[in-house]
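# Fold and contact review
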Amino acid sequence: MSGKKKEILRRGRSLWQQALRFRFTRADIPGILQGVGIAVLFGRLFYDSWTAVVFVSPVMLIWVFLQRKRRIERDIRLIGIQFRDAMQSVLTAMKAGYSVENAFMEAQSDMELLYGKKSLICRHLGRIHKGIRNNIPIETLLFRFGEDCLNRDVQDFAEVFAVSKRNGGNMTQMIERTIGIISSRVEVEKEIEVLISARKLEARIMNCVPFFIILYVSLTSRDFFSPLYHNLFGIIAMTVCMTIYIFAYLMSERIVNIKA
């Protein structure tokens, strides 16, 4: 079996495993409501039937899954920015004479003032704080931090931090280098976001255009789409159109979501 086929099968198994583990949470409520609206649009505009809304309802699950994926990616980027600021606070505390453990505990207070107690970084620093009080090594706590937040910068920092601490490296210099690397990555992401922001807006508008066209024609010329509703040929034709639209939507999302 070729490497390309193996990669496709691996991704397929990964998606299937994610689907089996999928559980709705409170954060999914906006996505669920949006998904219901999308299912109603597809059912009413493409098939002119409430029964069709039930059959196209799996689109709602796909939409909720995509929204959760976007939320996770947004949180990963956000935790990277907040982690950089936390490391800046740790660095300042260490230069003032604090130990590494006390510097992380001090950083939690600074991040609470900067981002609020309910922010992502404060949640993770709170766990580190509790772990330090329970005499858990700071290296272990940072590894857990990286595994929980899924941010590659945090994971790399945890690995380098563990090696540096074990070998007696210059912790201050290492943290300064980490801050510089994360800052460079954030700047690149911001530049990319600025460059493609107009294209993202155009893609969002184009994704809505087919619905507006069908709705406008349906309201102004009620009999125009009648041959496509409530018959086998029309159902097949509209299903093909809907499939093409969904494929085009996914392609447009993939094109405009450029990662640094």
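Refer to the structure above for everything that follows.
Rules and cut-offs
Residues numbered from 1 in each chain as written. Predicted model: local features only at pLDDT ≥ 70, side-chain atom pairs only at ≥ 80, totals over all residues. Heavy atoms only, no water. Helix = DSSP H or I, 4+ residues; strand = E, 2+ residues; numbered from the N terminus. Expected span 1.5 Å × (residues − 1). Contact = heavy atoms within 4.5 Å. Polar contact = N/O pair within 3.5 Å; in protein donor to acceptor, adjacent residues only side chain to side chain. Phe/Tyr/Trp six-rings, centres within 6.5 Å; stacked < 30°, edge-to-face > 60°. Buried < 20%, exposed > 50% of the residue type's maximum accessible area, 1.4 Å probe, protein only.

This next bit is on helix α10 (residues 232-256). The end-to-end C-alpha separation of α10 is 36 Å, in line with the 36 Å expected for 25 residues at 1.5 Å each. Tucked into the core, α10 has its buried residues touching α2 (29-47), α4 (58-95) and α9 (171-220). Sitting at the amino-terminal end of α10 is N231, which places a side-chain oxygen 3.3 Å from the backbone nitrogen of F233.

Summed over the entire model, instances satisfying the criterion amount to 10 aromatic pairs. Measuring from ring centre to ring centre gives 5.7 Å for F157 and F161, while their planes differ by 40 degrees; the resulting arrangement is tilted. With a gap of 4 residues between them, F157 and F161 both fall in helix α8 (residues 152-167), about one helical turn apart. Take F161: its relative accessible area is 0%, and that puts it in the buried class. One aromatic cluster is present, built from ring pairs that chain together F83, F104, F145, F157 and F161.

Structural measurements only, silent on function.
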